[in-house]
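Per-entry structural report
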Amino acid sequence: MNSKPFSITVLSIVTPSMALALFWMKVAVRRIIALVKVSPLVVIGSAVFIAAFVYTKTNVVISLSIGYFVMIMAFLFFASLIYSFKSINIPDKLIRYSKSAFSNRALQRIFFIQRAIASNVYTLIFMVLVFLKRISPDFPLNAAILPTLFLFFTACSFGVIITRHRDRQRTARIRRVKINAAIKSTALDFMTPSFFLTALTSIALFIVLFIDYIGDTNIEARLLFAIFLGIPAFGFIGMSNALAGVNWVFYAVINNAFSYQFKRAELFLTVFFAPMIIISAAINVNYLFIYLYATALLITFFISTDFLNLPPLVEGILIIGFTVITLYISYINPYLTLIMTAPTALLLVKARNAYYDNL
């Protein structure tokens, strides 16, 4: 029997399949690299989270009460809606696929659906963890509830995206309200969907851990200090995307002084997270002044890093490294956080120089 025709047939099937597989692998790698460049903190944080679950295998199972389940679902729902408010540059997407067989209206719907699913990716991850039994509800949970909630959240996100897109296309008469120019510009510059998403996550974590703290006050003081110092720090991450979108051409005419811009960002973060910072300081009453000082250091470092105009990946590594070192030192001894004053001051000087160089 001659096996040559059979070998040729197999080769003719395998070779195109391998080429197609390599093509999609190349596309996947490019998409991952692009995602890392745009949102390095999210990608690195998600990678660490997934690696931790893979490493622990089946040794760690999170027990979930019905109260926490409702709280998590509410958080995921509102987080997806907030993220759905982020503006989308539709014309670029339509130009990219202008030679496809779909109409512009169909392409818009496809991109809106993709955006709605992306807005609910954390709900999807939570659902997968439940089905993999890494999160174990301690109450009867029907297997159809989570997929139904995911579809409902996605549909709501899709509705928000559609509504926002239509509102942007309409020209409506808006009643003007007199607001101080400095307050209005600060709100427009910093209150972005990306900032609200990280801030909402930080607030949700704070509420959950605060409830646990009320239920168990025997937590070690140093650990308590590090935990309630790290929660607001996570919320500060959103300032990076907010500062990147500031209209610097406008401020070149109004006020381009570094001190003004820095104080504006610092005051915004302080006021926005003031309730959380005050409650955390009250919890760490024995370390009250050092807690407030360490929080001020973190705010200064985060804002200074944003003004350096670094590549997103480098900025993400720098922020994560500084935060981890600070929290580790604060756990060893809260007063040792004073040694982080030197690198923070050095970075502030570099940020000032970089700001004026980029004007």
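Owing to the predicted nature of the structure, the values given are computational and were not obtained by experimental measurement.

Observations regarding the overall build of the protein chain
Across its full length, the protein chain carries 17 helices and 2 strands. Taking contacts inside the protein chain between residues at least 6 apart in sequence as the whole, the part at least 24 apart equals 81%. Just so you have it, the protein chain exposes about 22100 Å², and 70% of that area is on carbon and sulfur atoms.

Observations regarding the packing of helix α10 (residues 221–236) against helix α16 (residues 312–332)
In helix packing, the relevant descriptors are the interaxial angle and the interaxial distance, both defined with respect to the helix axes. Two elements in contact, α10 and α16, have axes whose closest approach is 7 Å; the angle formed by their N-to-C orientations is 155 degrees. As the angle between them shows, α10 and α16 are arranged roughly antiparallel. The interaxial crossing formed by α10 with α16 has right-handed handedness. Only T323, T326, L327, S330, Y331 and I332 of α16 make contact with α10, whose side of the interface consists of R222, L223, F225, A226, L229, G230 and A233.

So, helix α15 (residues 288–307)
The terminal C-alpha atoms of α15, which comprises 20 residues, lie 29 Å apart, in line with the 28 Å expected from a rise of 1.5 Å per residue. Burial within α15 is extensive, with 15 of its 20 residues counted as buried. Remark: N309 follows α15 within two positions and exhibits a positive phi of approximately 60 degrees.

Section: a nonpolar patch on the surface
The grouping of L223, Y328, Y331, I332 and L336 at the surface amounts to a nonpolar patch, some 440 Å² of accessible area in total. No other element matches the 3 residues that α16 contributes to the nonpolar patch. According to the relative accessible area criterion, I332 is partly exposed, its value standing at 38%.

Quick notes on the confidence of the model for the protein chain
The predicted model of the protein chain averages 75 in pLDDT, with 68% of residues at 70 or higher. In the model of the protein chain, helix α4 (residues 90–96) stands out as the element of lowest mean pLDDT, 54, in contrast to α15, which has the highest, 90. Residue range residues 171–175 is modelled with pLDDT below 50. Its contacts to residues more than four positions away, or to other chains, number 0 contacts.

Some details on the packing of α15 against α16
One can describe the packing of α15 onto α16 by two numbers: an axis separation of 10 Å at closest approach and a directional angle of 165 degrees. As summarised for this structure, α15 and α16 are arranged roughly antiparallel, according to the angle between their axes. In the crossing of α15 with α16, the sense of the turn from one axis to the other is right-handed. Where α15 approaches α16, its residues L298, F301, F302, T305 and D306 are matched on the opposing element by E315, L318, I319, F322, T323 and T326.

Considering the packing of aromatic side chains
Summed over all chains, the structure comprises 18 aromatic pairs. When the centroid spacing of 5.7 Å and the interplanar angle of 90 degrees are considered together, the rings of F225 and Y291 count as edge-to-face. Here F225 is found in helix α10, whereas its partner Y291 is found in helix α15, with 66 residues between them in sequence. When sorted by exposure, F225 lands in the same class as Y291, which is buried. The positively charged end of R222 is found above the aromatic ring belonging to Y331, 5.4 Å away from the centroid.

Some remarks on the side chain of T323
With respect to the secondary-structure elements, T323 resides in helix α16. T323 has contacts with A233 and F302, leaving out every residue within four places of it along the chain.

Brief notes about the pattern of salt bridges
Scanning the model with the defined rule gives 1 salt bridge in all. Across the salt bridge formed by E220 and R222, the nearest N and O atoms sit 2.6 Å from each other. Overall, the relative accessible area of 36% leaves E220 in the partly exposed class. Exposure remark for R222: the relative accessible area of 31% places this residue in the partly exposed category.

Things to note about helix α3 (residues 66–84)
The end-to-end C-alpha distance of α3 is 27 Å, a good match for the 27 Å that 19 residues give at a rise of 1.5 Å each. Of all the residues in α3, the buried ones are F69, M73, F75, L76, F77, A79, S80, L81 and S84.

A closer look at the environment of L308
Of note, L308 is situated in the loop between α15 and α16. The class of L308 is buried, set by a relative accessible area of 16%. Residues L308 and Y355 lie 47 residues apart in sequence; the distance between their C-alpha atoms is 6.9 Å. Non-local contacts of L308, meaning those with residues more than four positions away in its chain, are made with L347, K350, A351 and A354.

Side note on the environment of I299
Looking at the element boundaries, I299 is found in helix α15. With sequence-adjacent residues up to four places away left out, I299 is seen in contact with F236, E266, L269 and T270.

Looking at the environment of A143
Along the chain, A143 falls in the loop between β2 (135–137) and α7 (145–169). Considering only alpha carbons, one finds A143 and V130, 13 residues apart in sequence, at a separation of 9.6 Å.

What counts, and at which threshold
- Residues numbered from 1 in each chain as written.
- Predicted model: local features only at pLDDT ≥ 70, side-chain atom pairs only at ≥ 80, totals over all residues.
- Heavy atoms only, no water.
- Helix = DSSP H or I, 4+ residues; strand = E, 2+ residues; numbered from the N terminus.
- Contact = heavy atoms within 4.5 Å.
- Areas by Shrake-Rupley, 256 points an atom, 1.4 Å probe, with all protein chains shown as cover.
- Axes fitted to C-alpha atoms, helices over the stretch in contact; angles between N-to-C directions.
- Parallel < 35°, antiparallel > 145°, perpendicular 65-115°, else oblique.
- Left-handed = near helix turned anticlockwise from the far one by under 90°.
- Expected span 1.5 Å × (residues − 1).
- Buried < 20%, exposed > 50% of the residue type's maximum accessible area, 1.4 Å probe, protein only.
- Patch = residues over 30% accessible without salt bridge, like charges linked within 9 Å, V, L, I, M, F, W, Y side chains within 5 Å.
- Salt bridge = Lys/Arg side-chain N within 4 Å of Asp/Glu carboxyl O.
- pLDDT = per-residue confidence, 0-100.
- Phe/Tyr/Trp six-rings, centres within 6.5 Å; stacked < 30°, edge-to-face > 60°.
- Lys NZ or Arg CZ within 6 Å of the ring centre and 35° of its normal.

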